[in-house]
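What the coordinates show
Read off the chains here:
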Amino acid sequence: MFALSGMVSVRVTSFVDRVMVRGPTTWLRSEVVDLDGKSCLLYRLDKKSLSPIKDVISLKFKTMQSDGVLLHREGQNGDHITLELRRGKLFLLINSGDAEPAEPAARAPGGLGLGSLLDDQQWHSALVQRWGAQVNFTVDEHRRRFRAQGELSDLRLGHEISFGGIPAPGKSVSFPHKHFHGCLENLFYNGVDIIDLAKRQDPQMIILGNVSFSCSQPQSVPVTFLSPRSYLALPGSFGEDEISATFQFRTWNKAGLLLFTELQLVSGGLLLFLNDGKLKLHLYHPGKLPSDITAGVGLNDGQWHSVSLSAKRNYLSVMVDGQVASASPSQGPEQIYSGGTFYFGGCPDSSFGSKCKSPLGGFQGCMRLISIRHEVVDLISVQRGTLGNFSDLQIDSCGITDRCLPNYCEHGGECSQSWDTFHCNCANTGYRGATCHSSIYEQSCEAYKHKGNTSGFYYIDADGSGPLEPFLLYCNMTETAWTIVQHNGSDVTRVRNTSPEHPYTGLFEYVASMEQLQATINRSEHCEQELTYYCKKSRLVSKEDGTPLSWWVGRTNETQTYWGGSLPDAQKCTCGLKGNCADSQYYCNCDADRNEWANDTGFLSYKEHLPVTKIVITDTARPHSEAAYRLGPLLCRGDKLFWNSASFNTEASYLHFPTFHGELSADVSFFFKTTASSGVFLENLGITDFIRIELRSPAVVTFSFDVGNGPFEVSVQSPTHFNDNKWHHVRVERNMKEASVQVDQLSPRTQPAPADGHVLLQLNSQLFVGGTATRQRGFLGCIRSLQLNGEALDLEDRARVTPGVEPGCAGHCSSYGRLCHHGGACREKPSGFSCDCTSSAYAGPFCSDEISAYFGSGSSVTYNFQENYSLSKNSSSRAASFHGDTRLSRETIKFSFRTTRTPSLLLYLSSFYKEYLSVIIAKNGSLQIRYKLNRYQEPDVVNFDFKNMADGQLHHVKINREEAVVFVEIDESMRRQVHLASGTELSAVRSLVLGRIIGHSDVDQETALAGAQGFLGCLSAVQVGHVAPLKAALQPRRPAPITVSGHVTESSCVAQAGTDATSRERTHSFADHSGTRDDREPLTNTIKSDSAVIGGLIAVVIFILLCITAIAVRIYQQKRLYKRNEAKRSENVDNAEAVLKSELNIQNAVGENQKEYFF
């Protein structure tokens, strides 16, 4: 048949052997060819048939074989296109070094596969369409589309296409293949009827092997075992000395009885069953050990498997797919006689008197080609009731269903199945749930922070259950949460010899895709990226006509000519906005075009243009012209969607949004807080379908829904009430497997979906939030961070124009105040909260970062309470209880320490009346707490001598005194309570000393000895009432009451076992975001090496020397500085950056007016 002009319509009748194609005036009979598994058709293309732009291949096929090549076209160097049936699935394979489809599977050895169970002796259609690099692959109703990286016409293919196999013996391919055995119909290549050409023996066609042009494939009669109660009982011969049977089966179940037959004369039997996907043959009879044979593996893969068993005297064997497994003669039966009836697939009810046994339950699946004693069983006779009997069978069709097609496992989850259902393996996907729908990761650093997480690397899934994959980034948890995304170009890069005709292009690749970054940026309250352009006779803009000479490109792929700190479309730099450029005629320092290093530096903060993906430089071709650049990481702050909220003030108020579309899978998550006892959070209606989430009662949250199977409800009940005016998190999910509800950390509740019921959720009304369409049972309270299938709804924007609803919701400390540790106070913010660590010995966003210091020999920290007497009159002072004439009747003291020196003074609290408290380590290593609350009496001593406390290990001490009662806890395990005899009050507190006591003090001998020695080691988290002396001593701007003597440096008291505590602590400085943005930018927790610190100190010394010697020794000092920087900082900067910094430092030495020369 040739290609038709005009309108062509196709009428398809399922599962028939003929399709009539109607043209404009005539009916044409479809063409069929029957291939026997050894034959094929070879089509030789002429030049007219070659299409470099478009190829269309269409066909229909039916077969009983699971493997076979339908189409193959081969070229040079192994290039080929192949359409092949493998294990009942159709694969499209494209092999070319030039064409790499977006679907990597299309080039992989397995190819891109569609369909399943295609070897069912039914007609299936296949269509391959190629337009340029775009390829559509369709099998029945399943379609996949991909785009090749290059034109498929670039494939170096020959002029021959084979159908049904790969014929030429001289041609080789890199994969095993079989010829197709079955029928092809309506086989067209670019409109050419291939079968018609073969029938007419066209010269372009070569027929290899025996083919016929009618479909005469023999029909097998399969039988389906529908349930565990199904069975097929067939008669056999009584008293035969051999038992034999053959059949084929397919199933998804791992276990089930395939065959049982009773032995005559003895009460034994022969069982053939599946167990864990393996075939087991079990022969038992009384008084003798049973005989067992195991064969095959993974037989529950849905494929047809052939089985043949034989049992006779001293012989027992089973063959699976051609592989024989047999028992040794000693294990074979001495004599065997058949019992007469063969039970396939299961056993009848015991009331029928059968001795059939089914230890693992019945078989669910299909069987065909059943033979007993080499005689084929006529299953049509069984169906008519003239042979054997059966129960719950479907004869003359195989009712197996591939429940993994389509694959409802999301995000790369691996689908497996049984006869009734499917399962999703979500391991290593980053998702969880019955269909791997829900992300296990948070959507932002802000969300991680409000779960109590500290700074570190985290996986972020910006769109939650959406299609974007999670990615790893750094979260810097300061007062706000900073997201830090790195790229491959963080070092300084020098550029020379470029011009507009030969520009330099620097590309930046991030740890995440542009789609992932866009989702992260969109969620953030603010994003920025520092871009520095260094220049020496290298301009950003042409003086003559203002043409940009250097520019950068963001994610919108648009050229941007504004620079850090400026605004879009301004073509300015920071100095241009501030009016302090090196040359007032220009808006950028670099446009001054001076023969010395300058730079234009600033933060780009227009979110729509971030991140920077490319920088182009064109003006470094002139003599002495040079440029360099450095791009910082992408920094994003906060999460505006996490705090997006609305307050519902009346039961009749609600917000409405477009219809929610979650036909196959849907998830809804939000926070709520309320004092009401009930109310509807969300509702969306269809004609009959609906979803509703509500607070059913003070302690019950309910998810109601209907997808056409009738209404269902899933509820979570809490032991405490939800209407406590605290934030509670609700997450609801409905998918093909189940519906589930989880509230906070309570166990989720689930409702399984009906096995074969309706699955599509079809809604058509508006989505109502905070109420219902009837304006009844509305919600009173706050809803925050409402997301549907990973997409956030802007509640605040809609609330601004809705009566009865207000944007925002105050009061977060009631829910998140628990995250402020160690005495930190929760402070409300418009969006969220912060922890005030002023009165805590700890620091950080949650007051959980321990403040520790190493004390060298003879060092001390003194906190003078009475140095400023006016503080005693200030009742608002947190230390007011320690000042003036106040008599201290109670105190709480906490600290940790590590040392190996004895004696040592850990803490000394003195008063003006010669009263004191001292905590010391005595010479014998015991910890002593000495209270002298009456200057006329000896001190009370609390002695802990159960171990040597100067053992180099970290110890924790907690002291709590209430008048004369003192409670002491050591290392959270040793506790003691004592009563003081010396008094109940400490009057007029003077000072608090950590380490060596400086000057004369009227104390007992043990305290004096320890005070003279001081403390050598590490002290941590020292808290005396509301005073944190160690924290105050380590602040950059030390407060007036603090005096530090000797060597006291910030350190960490955490040490490995065996560490010498007397050795000097090696410490590293970490950047924190506790200051303003201008003080310190958010940094990752990268630790600079000691060599880098030393290199920095050397650079400072050299800088001072250069200022003194000035220009005369410039070249010499430049080389010396470069060499030192190269040696000391090779781990952190490349040679270009070291030279550049050297030159810039030298320029600063002779020109202090360049304010932007900072590194």
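An unreviewed UniProt entry lists the protein chain under the name Contactin-associated protein-like 4, with Muntiacus reevesi given as the organism. What the UniProt record of the protein chain gives under Sequence similarities (unreviewed entry) is the line "Belongs to the neurexin family." As recorded by UniProt, the Subcellular location (unreviewed entry) comment attached to the protein chain reads in full: "Membrane".

1. Overview of the overall build of the protein chain
Along the protein chain, the regular secondary structure elements total 12 helices and 83 strands. Scored against the burial criterion, the 1159 residues of the protein chain give a buried share of 52%. Long-range contacts, defined here as pairs at least 24 residues apart, represent 67% of the contacts in the protein chain between residues at least 6 apart. Per element, the accessible surface of the protein chain, about 52700 Å² overall, is 49% carbon and sulfur.

2. Comments concerning unusual backbone geometry
Residue Pro611 is reached from Leu610 by a cis peptide bond, and omega for that bond is 0°. Summarising the element assignment, Pro611 is placed in the loop between β46 (598-604) and β47 (614-617). Between Thr902 and the following residue, Pro903, the backbone shows a cis peptide bond with an omega angle of -15°. Residue position: Pro903 is located in the loop between β71 (890-899) and β72 (904-911). The backbone of His374 shows a phi angle near 65°, a positive value even though the residue is not glycine. Mapped onto the secondary structure, His374 falls in the loop between β30 (365-372) and β31 (375-376). Phi is positive for Asn725, which is not a glycine, with a value near 60°. By the secondary structure assignment, Asn725 is in the loop between β56 (712-717) and β57 (728-734).

3. Side note on the packing of aromatic side chains
Counted under the stated rule, the structure contains 32 aromatic pairs. Between Tyr43 and Tyr189, the ring centres sit 6.3 Å apart and the planes meet at 65°, which makes this aromatic pair edge-to-face. With Tyr43 in strand β5 (residues 40-44) and Tyr189 in strand β15 (residues 181-189), the pair connects residues that are 146 residues apart, well separated along the chain. For the pair Phe249 and Phe363, a centre-to-centre distance of 6.2 Å together with 85° between the ring planes defines the contact as edge-to-face. Here Phe249 is found in strand β21 (residues 242-250), whereas its partner Phe363 is found in the loop between β29 (338-344) and β30, with 114 residues between them in sequence.

4. Description of the state of the cysteines
Taken as a whole, this structure holds 16 disulfides when the rule is applied. There is a disulfide in this structure between Cys404 and Cys415, and the S-S distance comes to 1.9 Å. Looking down the S-S bond of the Cys404 and Cys415 bridge, the torsion is -80°, so its handedness is left-handed. Here Cys404 is found in the loop between β33 (393-395) and β34 (414-417), whereas its partner Cys415 is found in strand β34, with 11 residues between them in sequence. Neither residue differs from the other here; Cys404 and Cys415 are each classed as buried. Note that Cys426 is cross-linked by a disulfide to Cys436, the S-S spacing being 2.0 Å.

5. Structural notes on helix α4 (residues 514-523)
All of the buried residues along α4 are Gln516, Leu517, Ala519, Thr520, Ile521 and Arg523. Against β39 (471-477), β40 (481-485), β43 (526-536), β49 (634-637) and β61 (781-788) lie the buried residues of α4.

6. What about the pattern of salt bridges?
With the rule as written, the count across this model stands at 33 salt bridges. Here Lys199 and Glu31 are joined by a salt bridge, their closest N and O atoms 3.0 Å apart. Taken as a pair, Lys199 in helix α1 (residues 194-199) and Glu31 in the loop between β3 (27-29) and β4 (32-36) lie far apart in primary sequence, 168 residues in all. Across the pair Arg622 and Asp593 runs a salt bridge whose closest N-O atoms are separated by 2.8 Å. Remark: Asp593 occurs in the loop between α5 (574-578) and β46 and Arg622 occurs in the loop between β47 and β48 (626-631); sequence separation between them is 29 residues. Given a relative accessible area of 27%, Arg622 falls into the partly exposed group. For Asp593, a relative accessible area of 12% gives the class buried. The network of salt bridges with common partners includes Arg539, Lys543, Asp593, Asp619 and Arg622.

7. Quick notes on the sheet that holds strand β54 (residues 690-697)
Strand order in the open sheet formed by six strands is β51-β60-β53-β54-β55-β56, with antiparallel pairing between adjacent strands. The open sheet has two edge strands with one neighbour each: β51 (655-657) and β56. Between one strand axis and the next, the sheet turns by 15° as a mean value, whatever way the strands run. Sheet topology places β51 next to strand β60 (residues 767-769); three bridges connect them, and they run antiparallel. In the strand pairing of β60, Phe657 is matched with Leu767.

8. Section: helix α8 (residues 1005-1013)
Where α8 is concerned, the buried positions are Thr1007, Ala1010 and Gly1011. All buried residues of α8 lie within an arc of 100° about the axis, which places them on one face of the element. Exposed residues lying more than 90 degrees from the buried face of α8 are Gln1005 and Ala1012. Of the surrounding secondary structure, the elements contacted by the buried residues of α8 are β72, β73 (916-921) and β74 (927-932).

9. Details of a nonpolar patch on the surface
On the surface, Phe457, Tyr459 and Leu472 cluster together into a nonpolar patch covering about 300 Å² of accessible area. Mapped onto the elements, Leu472 comes out in strand β39.

10. A closer look at the sheet that holds β74
Strand order in this open sheet of seven strands is β75-β74-β73-β72-β80-β69-β82, and the pairing throughout is antiparallel. Single-partner strands in this sheet number two, and they are β75 (940-944) and β82 (1042-1045). Taken pair by pair, the neighbouring strands of this sheet meet at an average axis angle of 10°, ignoring direction. Sheet topology places β74 next to β75; five bridges connect them, and they run antiparallel. Counterpart to Leu927 in the pairing with β75 is Phe944.

11. Brief notes about the nonpolar core
If you look at the biggest cluster of nonpolar residues, it comprises 45 residues, and the most contacted ones within it are Phe895 and Leu1019. Those residues in contact with Phe895 that sit more than four places away from it in its chain are Leu906, Leu907, Val919, His955, His956, Val957, Leu1019, Ser1020, Ala1021 and Val1022. Within the second largest apolar cluster, 40 residues are counted, among which are Phe225, Val318, Phe344 and Leu379.

12. Brief notes about the side chain of Ser625
Relative to the elements of secondary structure, Ser625 occurs in the loop between β47 and β48. What Ser625 contacts, discounting residues up to four positions off in sequence, is Lys536, Lys537, Ser538, Asp619 and Thr620.

13. Description of the pairing of strand β81 (residues 1017-1024)
Counting buried positions over the eight residues of β81 gives eight, a clear majority of the element. Looking at chain direction, strand β68 (residues 852-855) and β81 are connected through four bridges and run antiparallel. Paired with Ser852 across the two strands is Ser1020, which belongs to β81. Where β71 and β81 come together, six bridges link them in antiparallel fashion. Counted as the bridge partner of Lys894 is Gln1023 from β81.

14. Here we look at the environment of Gln394
In this structure, Gln394 sits in strand β33. For Gln394, a relative accessible area of 29% corresponds to the partly exposed category. Sequence-distant contacts of Gln394, that is, excluding residues within four places in its chain, are made with Pro222, Val223, Thr224, Leu226 and Gly399. Reaching out from Gln394, the side chain makes a polar contact with the side chain of Ser397 at a distance of 2.4 Å.

15. Comments concerning the side chain of Asp55
Locating Asp55 in the fold gives a position in strand β6 (residues 54-63). Judged by relative accessible area, Asp55 falls into the buried class, the value being 14%. Among the polar contacts listed, one links the side chain of Asp55 to the side chain of Tyr189, at a separation of 3.1 Å. Not counting residues within four places of it along the chain, the set of residues in contact with Asp55 comprises Val128, Gln129, Arg130, Tyr189 and Asn190.

Calculation criteria
- Residue positions are counted from 1 within each chain, in the order its sequence is given.
- At least 70 in pLDDT is required for a residue's local features to be given in this predicted model, at least 80 for side-chain atom pairs to be given and counted, and no such filter applies to totals for whole chains, interfaces and linings, which use all residues.
- Only hydrogens and water are removed before side-chain values are computed, so all heavy atoms of the structure are retained for them.
- UniProt positions are given in the numbering used here, feature names are shortened, and annotations may be inferred rather than shown by experiment.
- By definition, any uninterrupted DSSP run of H or I lasting at least four residues is a helix, any uninterrupted run of E lasting at least two residues is a strand, and each is numbered from the N terminus.
- Only protein chains enter the accessibility calculation, which uses a 1.4 Å probe; a residue whose area is less than 20% of its type maximum is buried, one above 50% is exposed, and one in between is partly exposed.
- In what follows, residue pairs with any heavy atoms lying within 4.5 Å of each other are defined as contacts.
- With residues, only the protein chains shown are counted as cover, and all accessible areas are computed by Shrake-Rupley using a 1.4 Å probe.
- Aromatic pairing here means that ring centres of Phe, Tyr or Trp (its six-membered ring) are within 6.5 Å. Orientation follows from the plane angle: under 30 degrees is stacked, over 60 is edge-to-face, and everything else is tilted.
- The disulfide criterion used throughout: a pair of cysteine sulfur atoms within 2.5 Å.
- When a carboxyl oxygen of Asp or Glu is within 4 Å of a side-chain nitrogen of Lys or Arg, the pair counts as a salt bridge.
- Between any two strands, at least two bridges found by DSSP are needed for them to pair.
- Angular values range over 0 to 180 degrees, each being the angle between N-to-C directions of two axes fitted as lines to C-alpha atoms, with helices fitted over their stretch in contact.
- Relevant arc is that of directions from the helix axis to the C-beta atoms, nothing else.
- Only residues above 30% relative accessible area that lack a salt bridge enter a patch, with like-charged residues linked at up to 9 Å and the nonpolar side chains Val, Leu, Ile, Met, Phe, Trp and Tyr linked at up to 5 Å.
- Nonpolar core, defined: a set of buried Ala, Val, Leu, Ile, Met, Phe, Trp, Tyr and Cys residues in which side-chain atoms within 4.5 Å join the residues together.
- Between N or O atoms, a polar contact is any pair within 3.5 Å; within protein, one atom must be a potential hydrogen donor and the other a potential acceptor, and residues adjacent in sequence are included only when both atoms are from side chains.

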